[in-house]
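Results of the structural survey
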Amino acid sequence: MTPDGPGAPTDRSTIRLGIVTPWFGREMSGGAEQQSWQLAQHIAGAGYAVDALTTCSASASEEWSRNVLPAGVERAGDVTIKRFRVDKRDPRAFARVNTALTSFPATQVKRSVSPLSEDDAMVFETQNINSEGLLQYLETEGRRYRALIFIPYLYGTTLAGIQLVSERAFLQPCLHNESYAYLPAVRRAFHSARGVLFNSLGELEIAVELYGPGIIKKSSLVG
């Protein structure tokens, strides 16, 4: 991803970048949550206009369909945070397929083969953390952004959001070799994104093994 380039405005503040993530805040626990916070602050500190597009869910450890934080716009230093209400979901249905995924024997996971049936894979997508308001915003306002970084890979905001703005979507997956990575929706996200940003060479190697050499040209090692 190169925000600056031939013909680009010299004033970085006119270049708007978005970071799309389910949970965002200084005090959020979790590697991806901390990475999204630090990434937003770092880019804003370099002079770019940065929006964090996130949900009203309090954290990954609380029920994802509960709107705890207020919807709307707030500021965190030089970063603008835009929060959208989360959708209702069936946590029991999601827990059932999630348990199946996490208990799936590693020796039985095969490249290009989903560890879930088609119906259960759809349950994982639709009963994940999702926000219709956030998706509508991406659909109507996505063109205002030079680039949109989606982090991490396995949540509904990423899986559905990338499909709406694929031409300017960059996936920072925080990928592990785990059963989630073999789902069809995850494969689509990797192939639909304009670019993929990896934290380590090992992560890049896992992705190439899972999704094929076609992603190499659009991959960048940023960690």
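Before any of the text, the structure's been laid out above.
What comes next concerns the included structure. Quick caveat, the model's predicted, so the values are computed rather than measured. (Residues numbered from 1 in each chain as written. Predicted model: local features only at pLDDT ≥ 70, side-chain atom pairs only at ≥ 80, totals over all residues. Heavy atoms only, no water.)

1. Some remarks on the sheet that holds strand 4 (residues 79–84)
For the record, the criterion: Between any two strands, pairing holds if DSSP finds at least two bridges. Note on conventions: DSSP H or I runs of at least 4 residues are helices, E runs of at least 2 residues are strands, and numbering of each starts at the N terminus. In this analysis, axes come from line fits to C-alpha atoms, helices being fitted only over the stretch in contact, and the angle between any two N-to-C directions falls in the range 0 to 180 degrees.
One open sheet holds the 8 strands; their spatial order is 3-4-2-1-5-6-7-8, and the pairing between them is mixed. Whereas interior strands pair on both sides, the edge strands pair on one side only; in this sheet they are strand 3 (72–76) and strand 8 (219–221). Along the sheet, successive strands turn relative to each other by an average axial angle of 25°, direction set aside. Sheet topology note: the strand 5 (residues 147–150)/strand 6 (residues 169–171) ladder contains 3 bridges and is parallel. The residue bridging L148 from the neighbouring strand is A169, located in strand 6.

2. Re helix 3 (residues 118–126)
Note the threshold: Three labels apply to residues, based on accessible area from a 1.4 Å probe with only protein chains included: buried if under 20% of the type maximum, exposed if over 50%, partly exposed otherwise in between. When we speak of the arc, we mean the arc of directions from the helix axis to the C-beta atoms. Pairs of residues are marked as contacts when any of their non-hydrogen atoms sit within 4.5 Å.
The set of residues buried in helix 3 consists of D120, A121, V123 and F124. Viewed end-on, helix 3 has its buried residues packed into an arc of 155°, placing them on one side of the element. Facing away from the buried side of helix 3, by more than 90 degrees, are the exposed residues E118 and D119. In this structure, the buried side of helix 3 is in contact with helix 2 (91–102), helix 5 (156–164) and helix 6 (184–192).

3. Notes on helix 7 (residues 201–211)
Those residues of helix 7 that sit buried are E203, L204, A207, L210 and Y211. Buried residues in helix 7, looked at end-on, bunch into an arc of 130°, giving them a common side. Just beyond helix 7, the residue with positive phi is G212, at close to 95°.

4. A word on the environment of P152
Position of P152 relative to the elements: it lies in the loop between strand 5 and helix 5. P152 gets classed as buried once you look at its relative accessible area, which sits at 7%. The spatial distance from the C-alpha of P152 to the C-alpha of G31 is 9.6 Å, given a sequence separation of 121 residues. Not counting chain neighbours up to four residues away, the residues in contact with P152 comprise T21, P22, A32, T158, Q172, P173 and C174.

5. Quick look at the packing of aromatic side chains
Condition: Only Phe, Tyr and Trp rings are paired, with Trp represented by its six-membered ring, and only when their centres lie within 6.5 Å; those with planes under 30 degrees apart are stacked, over 60 edge-to-face, the remainder tilted. Counted as over-ring charges are cases with an Arg CZ or a Lys NZ within 6 Å of the ring centre that also lie within 35 degrees of the ring normal.
Applying the stated criterion across every chain, the model contains 10 aromatic pairs. Geometrically, the ring pair formed by F84 and Y137 is tilted, given 5.3 Å between the ring centres and 45° between the ring planes. Note that F84 is positioned in strand 4 and Y137 in helix 4 (residues 132–141), a separation of 53 residues in sequence. Judged by its relative accessible area of 12%, Y137 is buried. Lying over the aromatic face of F94, R89 brings its terminal NZ or CZ to 5.0 Å of the ring centre. In this structure, R144 packs its charged tip against the face of Y145, placed 5.8 Å from the ring centre.

6. Let's talk about the packing of helix 2 against helix 3
A pair of packed helices is captured by two measures, namely the crossing angle of their axes and the spacing between those axes. Stated formally: Each helix crossing is assigned a hand: it is left-handed if the near helix lies turned anticlockwise from the far helix by less than a right angle, otherwise right-handed if that turn is clockwise. Residue polarity follows a fixed list, in which Ala, Val, Leu, Ile, Met, Phe, Trp, Tyr, Cys and Pro are nonpolar, Asp, Glu, Lys and Arg are charged, and the others, Gly among them, are polar.
Closest axis-to-axis distance for the helix 2/helix 3 pair is 9 Å, and the angle between their directions is 120°. Considering only the axes of helix 2 and helix 3, their crossing is left-handed. Where helix 2 approaches helix 3, its residues A93, F94, R96, V97, N98 and L101 are matched on the opposing element by D120, V123 and F124. For the contact of helix 2 with helix 3, the residue count by class is 6 nonpolar, 1 polar and 2 charged.

7. Details of the side chain of R89
Using the following cut-off: Polar contacts, as used here, are pairs of N or O atoms within 3.5 Å; protein pairs need one atom able to donate a hydrogen and one able to accept it. Residues neighboring in sequence count only if both atoms are side-chain atoms.
As for its placement among the helices and strands, R89 is situated in the loop between strand 4 and helix 2. Accessibility expressed as a relative area gives 13% for R89, which makes it buried. At 2.9 Å, the side chain of R89 and the side chain of E63 are in polar contact. A polar contact of 2.8 Å, which involves the side chain of R89, links it to the backbone oxygen of Q127.

8. What to know about empty space enclosed by the protein
Convention followed: The way it works is a 1 Å grid over only the protein atoms, where trapped points that fit a 1.4 Å probe form a cavity and open points with protein on both sides within 12 Å along at least five of seven lines form a pocket, and then any residue with an atom within 4 Å of a point lines it. Grid points are joined across faces, edges and corners, and a volume is the space filled by probe spheres set on the points.
According to the stated counting rule, one finds 1 cavity of 30 Å³ or more in the structure shown. Of the voids in this model, the largest cavity is the one considered here, and its volume is about 30 Å³. Counted by class, the lining of the largest cavity contains 5 nonpolar, 1 polar and 1 charged residues.

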